[in-house]
Amino acid sequence: ISYFTFGYAVYVLCDGMLALFRAGVIFFVPTHNPVKKGMYVVVQVDVSDQRYAYLLEHVSATDTKLIVKQHNPDKQIIFDSAKVHALHSVIGSYFG
């Protein structure tokens with residue numbers, strides 16, 4: 001995407017957000033937009049020497065934890081803020 005120079009795209013492989021999004025959808029994620037409660041976000045988390053990315057709904061954040069929600073199954077997830085490498089909002093999607 002030539003005009004999308006300040007972000008990245010994510011291809012969904014699983015159904016953790018099913019009902020809203022399904023596997024095969026591509027999400028566009030700018031790295032400069034603010035994140036607010038209720039937005040869909042990509043959370044990049046460092047575990048040991050691996051980095052994982054999750055597409056989730058932002059619930060809240062403090063200095064020590066990030067609270068997000070997945071939809072399939074419906075559950076709240078809490079990440080230690082020290083392990084969160086990045087948190088970016090989702091601005092659009094494409095399913096071709």
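For the structure given in this document, a descriptive report is provided here. As the structure is a computational prediction, the values presented were derived from the model and not from experiment.

Here we look at the overall build of the protein
- A tally of helices and strands in the protein yields zero helices and eight strands.
- N-terminal to C-terminal, the α/β element order of the protein is β-β-β-β-β-β-β-β.
- Across the 96 residues that make up the protein, the buried fraction comes to 31%.
- Sequence-distant contacts, at least 24 apart, represent 49% of the contacts inside the protein between residues at least 6 apart.
- A total of about 6200 Å² of accessible surface is found on the protein, and carbon and sulfur atoms cover 55% of it.

Brief notes about the sheet that holds strand 8 (residues 92-94)
- Strands sit in the order 1-2-8 across an open sheet of three strands; the sheet is antiparallel. Sheet topology places strand 1 (7-11) and strand 8 at the edges, where each strand pairs with a single neighbour. Across the sheet, the mean angle from the axis of one strand to that of its neighbour is 25°, orientation sign disregarded.
- Pairing analysis gives five bridges linking strand 1 to strand 2 (residues 26-30), with the strands arranged antiparallel. The residue of strand 2 that forms the bridge with A9 is F28.

What about the sheet that holds strand 3 (residues 40-47)?
- With antiparallel pairing, the five strands of this open sheet are ordered in space as 6-5-4-3-7. Among the strands making up the open sheet, the edge pair consists of strand 6 (74-80) and strand 7 (84-89). Sheet twist, expressed as the average angle between the axes of neighbouring strands with direction ignored, equals 45°.
- Strand direction decides the pairing type here: strand 4 (residues 50-61) and strand 5 (residues 65-71), joined by four bridges, are antiparallel.

Quick notes on the rules
Residues numbered from 1 in each chain as written. Predicted model: local features only at pLDDT ≥ 70, side-chain atom pairs only at ≥ 80, totals over all residues. Heavy atoms only, no water. Helix = DSSP H or I, 4+ residues; strand = E, 2+ residues; numbered from the N terminus. Buried < 20%, exposed > 50% of the residue type's maximum accessible area, 1.4 Å probe, protein only. Contact = heavy atoms within 4.5 Å. Areas by Shrake-Rupley, 256 points an atom, 1.4 Å probe, with all protein chains shown as cover. Pairing = 2+ DSSP bridges. Axes fitted to C-alpha atoms, helices over the stretch in contact; angles between N-to-C directions.

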